[in-house]
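Notes for the structure review
Letter by letter, the chains look like this.
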There are 2 protein chains.
Amino acid sequence: MAGVVDETKRKRRSGCPVSVSLEIFGDRWSLLILRDLMVRGYRTFKEFEQAGEGIATNVLADRLRRLEGAGMLTRKMEDSDGRRGIYRLTEKGIDLAPVMLELLVWGARHEQTGAPCGVIDHMATNREAVLKEVRRRWEEQDPTPFLPRFQGSGLKTQKL
Amino acid sequence: MAGVVDETKRKRRSGCPVSVSLEIFGDRWSLLILRDLMVRGYRTFKEFEQAGEGIATNVLADRLRRLEGAGMLTRKMEDSDGRRGIYRLTEKGIDLAPVMLELLVWGARHEQTGAPCGVIDHMATNREAVLKEVRRRWEEQDPTPFLPRFQGSGLKTQKL
DNA sequence: CCGGATCCGTTTCGATACTG
DNA sequence: CAGTATCGAAACGGATCCGG
């Protein structure tokens, strides 16, 4: 039974916030999964698999398990279809929203990305309001938690 | 000549801010190095080696090179001692301060760490002031950039 | 089909010894 | 001191297989 990571051998870091945080998402994929949950509203294995840019299924399964173990997300099976799993952020997970927001702003500024400037500017300027709205949507289990609703938006979250 | 990572084979991600950011610090060590520069004021190879909790020297050298290549920091040799390298954050690097601050706050809240609550609370409450001060110190090349100066402080940065 | 688990070749890491 | 060379051990990525 070799998922991918042998949990018993993971290195313990000392108790600094940054160090400990990196135990949870200090790898190539975990933060992307959290973004998918938080910004894009993804919920199923399939969505993560196709959206994260090419993650292997075994690695994805491993990361989901680890993130669940770290209390960042929960997994449960859909009532109507027992085989389809639904992943949701925990409160600990959604509390990462300020970090995610700052990261989006930083990335959009310093690495010319495809992110729509209007959206990013709005997030940078109306920080508190955006975060409050994110939190409200999460509490209501609204599937599109992060983005302000723009009129003619569409699939803008794909760019974030 | 095997440093550690063959740069020519690194996977390109799509142009989303989060994805692109993770190309730079989506691993176990890069963000710790940036924290050491930003929060602790470390500058030399030796300091990073001893402070990051057990990074191998070859990996450290590789990460420093990569971060330099990504424009996050600069390396130059000390005038007095030609062999001693001095690393400093670039503007792009110091612009990551808001992300770092939110990460510190999140980590201190959700993972019982050794971080002093007073300091973290202060950062969370006086966000703008702290970030402004950080930026000011960076511009002046003050070696202790992040922490508010507390009266009897000392080595509190070790806990961040 | 969906959500994984298994197998296996390749890449990266980590520890340590070594060098200018 | 600031790295580089070497090498065994993990982790990754891709493909395939499987239970529900």
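This write-up is about the structure you can find in this document. All of these numbers come straight from a predicted model, not from anything done at the bench.

1. Considerations on the overall build of chain A
Within chain A, the regular secondary structure consists of eight helices and two strands. For chain A, the N- to C-terminal ordering of α and β elements is α-α-α-α-β-β-α-α-α-α. For chain A, the C-alpha radius of gyration of 16 Å lies close to 15 Å, the compact-globule estimate for 160 residues. In terms of overall dimensions, chain A has a C-alpha envelope of 50 × 45 × 30 Å along the principal axes. Buried residues in chain A amount to 51% of all 160 residues. In the structure as shown, chain A presents an accessible area of about 8,000 Å², 50% of it carried by carbon and sulfur atoms.

2. Thoughts on the relation of the copies chain A and chain B
At an RMSD of 0.1 Å, chain A and chain B line up after a rotation of 180° and a shift of 0.0 Å along the axis. Accordingly, the operation relating the two chain copies is best matched by a two-fold axis. If distances are taken from each C-alpha of chain A to the rotation axis, the shortest is found for Asp-27 of chain A, at 2.3 Å. Here 100% of the interface residues in chain A have copies in chain B that are interface residues too; the copies meet face to matching face.

3. Points about the nonpolar core
Within the largest apolar cluster, 88 residues are counted, with the highest numbers of intra-cluster contacts made by Phe-146 of chain A together with Phe-146 of chain B. Those residues in contact with Phe-146 of chain B, other than ones at most four positions away along the chain, are Met-38, Val-39, Ala-97, Met-100, Leu-101, Leu-104, Met-123, Val-130, Val-134 and Arg-137 of chain B.

4. Some details on helix α1 (residues 17-25) of chain B
With nine of its nine residues buried, α1 of chain B lies for the most part within the structure. Taken together, the buried positions of α1 of chain B are occupied by Pro-17, Val-18, Ser-19, Val-20, Ser-21, Leu-22, Glu-23, Ile-24 and Phe-25 of chain B. Contacts from the buried residues of α1 of chain B go to α2 (30-40) and α6 (97-110) of chain A together with α2 (30-40), α4 (57-69) and α5 (91-94) of chain B.

5. Structural notes on empty space enclosed by the protein
Throughout the structure, instances matching the rule amount to three cavities of 30 Å³ or more. Estimates place the volume of the largest cavity at around 100 Å³. Every residue along the wall of the largest cavity is listed here: Leu-22, Phe-25, Gly-26, Leu-31, Val-99 and Leu-103 of chain A together with Leu-22, Phe-25, Gly-26, Leu-31, Val-99 and Leu-103 of chain B. Put simply, the parts of the chain that give the lining of the largest cavity at least two residues each are α1 (17-25) and α6 of chain A together with α1 and α6 (97-110) of chain B. Counted by class, the lining of the largest cavity contains 10 nonpolar, two polar and no charged residues.

6. Looking at the packing of α6 of chain B against helix α7 (residues 117-125) of chain B
All names here are of chain B. α7 packs onto α6 with a crossing angle of 130° between their chain directions and a minimal axis gap of 10 Å. Considering their axes alone, α6 and α7 lie oblique with respect to each other. Every pair of crossing elements has a handedness; the one defined by α6 and α7 is left-handed. Across the interface between the two elements, Leu-101, Leu-104, Val-105 and Ala-108 from α6 touch Ile-120, Met-123 and Ala-124 from α7. Considering only residue class, the contact of α6 with α7 consists of seven nonpolar, no polar and no charged.

Analysis parameters
Residues numbered from 1 in each chain as written. Chains lettered and ligands numbered in written order. Predicted model: local features only at pLDDT ≥ 70, side-chain atom pairs only at ≥ 80, totals over all residues. Heavy atoms only, no water. Helix = DSSP H or I, 4+ residues; strand = E, 2+ residues; numbered from the N terminus. Rg over C-alpha atoms; globule rule 2.2 N^0.38 Å. Buried < 20%, exposed > 50% of the residue type's maximum accessible area, 1.4 Å probe, protein only. Areas by Shrake-Rupley, 256 points an atom, 1.4 Å probe, with all protein chains shown as cover. Least-squares fit on C-alpha atoms with pLDDT ≥ 70 in both. Contact = heavy atoms within 4.5 Å. Core = buried A, V, L, I, M, F, W, Y, C linked by side-chain atoms within 4.5 Å. 1 Å grid on protein atoms, 1.4 Å probe; cavity = no way out; pocket = protein on both sides within 12 Å on 5 of 7 lines; lining within 4 Å. Points joined across faces, edges and corners; volume = space filled by probe spheres on them. Nonpolar A, V, L, I, M, F, W, Y, C, P; charged D, E, K, R; others polar. Axes fitted to C-alpha atoms, helices over the stretch in contact; angles between N-to-C directions. Parallel < 35°, antiparallel > 145°, perpendicular 65-115°, else oblique. Left-handed = near helix turned anticlockwise from the far one by under 90°.

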